[in-house]
Amino acid sequence: QEQLEESGGGLVQAGGSLRLSCTVSGLTFRNYNMAWFRQAPGKEREFVAAIRRSGGATTYADSVRGRFTISRDNAKSTVYLQMSSLRPEDTAIYYCAAGTQIASAITWANMYHYWGQGTQVTVSS
């Protein structure tokens, strides 16, 4: 059974850092593009960052570029999101997702086949 399990969320002060992890089971991890999305209260789910299955090219939302870094460890079937210089507006539930779409659709939530349950990140001012 396919499973994506996020961890690493929590409460942090503005300017602080957190590292999220998402461990995948039941899938051939290296065959999947991996991404992080987030959803704040009252808002739609939005794209944060993605890393491609081959070559490891990365894509970031403008709002996080330069502050967040996505990476993957295929040997551990895990994708990471290193978040630095956190802001209160980064507060959200963060979800990891796995998909096999073409590169041009890497930011599209509806192109990801599998999703985790999410982990809460709260940034206090």
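Bear in mind that the values here come from a model prediction, so they are computed numbers and not experimental data.

Could you give an account of the packing of aromatic side chains, naming the residues involved and the relevant values?
The full count for this structure, using the stated rule, is five aromatic pairs. For the pair Tyr112 and Trp115, a centre-to-centre distance of 6.3 Å together with 70 degrees between the ring planes defines the contact as edge-to-face. A network of ring pairs unites the aromatic residues Phe37, Phe47, Tyr112 and Trp115 as a single cluster. Sitting above the plane of the Tyr95 ring, Arg45 keeps its charged end 4.0 Å from the centroid. Sitting over the face of the ring of Trp115, Arg45 holds its NZ or CZ atom 4.7 Å from the ring centroid.

Lay out the state of the cysteines in plain terms, naming residues and giving numbers.
Per the stated rule, a full pass over the model turns up one disulfide. The residue that forms a disulfide with Cys22 is Cys96, at a sulfur-sulfur distance of 2.0 Å. One disulfide, between Cys22 and Cys96, carries an S-S torsion of 45 degrees and so falls in the right-handed class. Of this pair, Cys22 sits in strand 3 (residues 18-25) while Cys96 sits in strand 9 (residues 92-99); the two residues are 74 residues apart in sequence, bridging distant segments of the chain. For Cys96, a relative accessible area of 0% translates into the label buried.

Rules and cut-offs
- Residues numbered from 1 in each chain as written.
- Predicted model: local features only at pLDDT ≥ 70, side-chain atom pairs only at ≥ 80, totals over all residues.
- Heavy atoms only, no water.
- Phe/Tyr/Trp six-rings, centres within 6.5 Å; stacked < 30°, edge-to-face > 60°.
- Lys NZ or Arg CZ within 6 Å of the ring centre and 35° of its normal.
- Disulfide = S-S within 2.5 Å.
- Helix = DSSP H or I, 4+ residues; strand = E, 2+ residues; numbered from the N terminus.
- Buried < 20%, exposed > 50% of the residue type's maximum accessible area, 1.4 Å probe, protein only.

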